[in-house]
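The residues making up each chain are set out below.
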Amino acid sequence: MMRTETTRLHHHRISLMMLLALTCLVVQPAWALPGDRDQPMTITADEGNFKSSRGEATFTGNVYLKQGTLEVWADTLDVRRDPETGDITFLEAKGEPARYQELPSEEDGLIEVRGSRIEYRPDDDLIITEGNGHLTQSGSEIEADYIRYNLLDESLDVRSRRSTDNNGDAPQATWTLQPGAMD
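Draft legend 1. View of unusual backbone geometry. Residue Pro-97 is reached from Glu-96 by a cis peptide bond, and omega for that bond is -5°. Position of Pro-97 among the secondary structure elements: in strand β5 (residues 88–102). Phi is positive for Asn-62, which is not a glycine, with a value near 50°. The residue Asn-62 is located in strand β3 (residues 56–67) in this model. The class of Asn-62 is exposed, set by a relative accessible area of 62%.

As structure tokens, then:
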């Protein structure tokens, strides 16, 4: 009887710690639509590991994150936040492929990103994808081995597998731009 009660208390304590850690992740910076940060964050995964004092969480197995217009699908998702403010400072999604999408503003189109690895750095307004990268916004598309997209000034750094591997037989990067996309 005593062992059962101890086990129940242990499981209850773990559940409370996980709930506290997930709650700490809900506060975040101004990514996507302004109202998105006021929306609840939902994460589903097969497993989760939290280090609340360091502001770190790792989710594995069929991971899905949603908050407002922000959605992420991945095999693994690492999230870091500032322990004092609760703001997300780093997000890394890995998968075959990992996917990320958000609506940065009502005027801009939905940003959709795919790749083996996607990194989001909100303090720097950067989205980086590596390995079979694909970025789509407002009908324009980029396919490349590496894509670095600065959301603030809408600048891109794109590298093909040919460039990164220094292999003349590897594929080049491809841009499909809609009329007016460069205005």
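Moving on, there is more to tell.
Draft legend 2. Main features of the pattern of salt bridges. Taken as a whole and judged by the stated rule, the model has eight salt bridges. Connected via shared salt-bridge partners are Glu-92, Arg-117, Glu-119, Arg-121 and Glu-130.

Draft legend 3. How the structure looks around the pairing of β3. Pairing analysis gives three bridges linking strand β1 (residues 42–44) to β3, with the strands arranged antiparallel. Paired with Ile-43 across the bridge in β3 is Leu-65. Across five bridges, strand β2 (residues 47–51) lies against β3 in antiparallel orientation. Residue pairing across strands places Glu-47 opposite Thr-60, the latter belonging to β3.

Draft legend 4. Seen up close, the environment of Asn-49. The residue Asn-49 is located in strand β2 in this model. Residue classification places Asn-49 among the partly exposed residues on the basis of a relative accessible area of 44%. Apart from the residues lying within four places of it in its own chain, the contact partners of Asn-49 are Glu-56, Ala-57 and Thr-58.

Draft legend 5. The arrangement of the packing of aromatic side chains in detail. Counting across every chain of the model gives three aromatic pairs. The interplanar angle of 80° and the centroid separation of 5.5 Å between the aromatic rings of Phe-50 and Phe-59 together place this pair among those described as edge-to-face. Here the aromatic rings of Tyr-64 and Trp-73 are separated by 5.5 Å at their centres, their planes lie at 40°, and the arrangement is tilted. Judged by its relative accessible area of 23%, Tyr-64 is partly exposed. Owing to a relative accessible area of 22%, Trp-73 belongs among the partly exposed residues under this scheme. Lying over the aromatic face of Phe-90, Arg-80 brings its terminal NZ or CZ to 4.2 Å of the ring centre. One residue, Arg-159, lies across the ring of Tyr-146, its end atom 4.3 Å from the ring centre.

Draft legend 6. Region of the structure containing the environment of Glu-71. Inspection of the secondary structure puts Glu-71 in strand β4 (residues 70–81). Overall, Glu-71 belongs to the buried group, its relative accessible area being 13%. Distance from Glu-71 to Met-41, taken between C-alpha atoms, is 9.8 Å for residues 30 residues apart in sequence. In contact with Glu-71, not counting residues within four places along its chain, are Tyr-64, Leu-65, Lys-66, Arg-99, Tyr-100 and Gln-101. Among the polar contacts made by the side chain of Glu-71, one reaches the side chain of Tyr-64 at a distance of 2.3 Å.

Quick notes on the rules
Residues numbered from 1 in each chain as written. Predicted model: local features only at pLDDT ≥ 70, side-chain atom pairs only at ≥ 80, totals over all residues. Heavy atoms only, no water. Helix = DSSP H or I, 4+ residues; strand = E, 2+ residues; numbered from the N terminus. Buried < 20%, exposed > 50% of the residue type's maximum accessible area, 1.4 Å probe, protein only. Salt bridge = Lys/Arg side-chain N within 4 Å of Asp/Glu carboxyl O. Pairing = 2+ DSSP bridges. Contact = heavy atoms within 4.5 Å. Phe/Tyr/Trp six-rings, centres within 6.5 Å; stacked < 30°, edge-to-face > 60°. Lys NZ or Arg CZ within 6 Å of the ring centre and 35° of its normal. Polar contact = N/O pair within 3.5 Å; in protein donor to acceptor, adjacent residues only side chain to side chain.

All we've got here are geometric facts, nothing functional implied.
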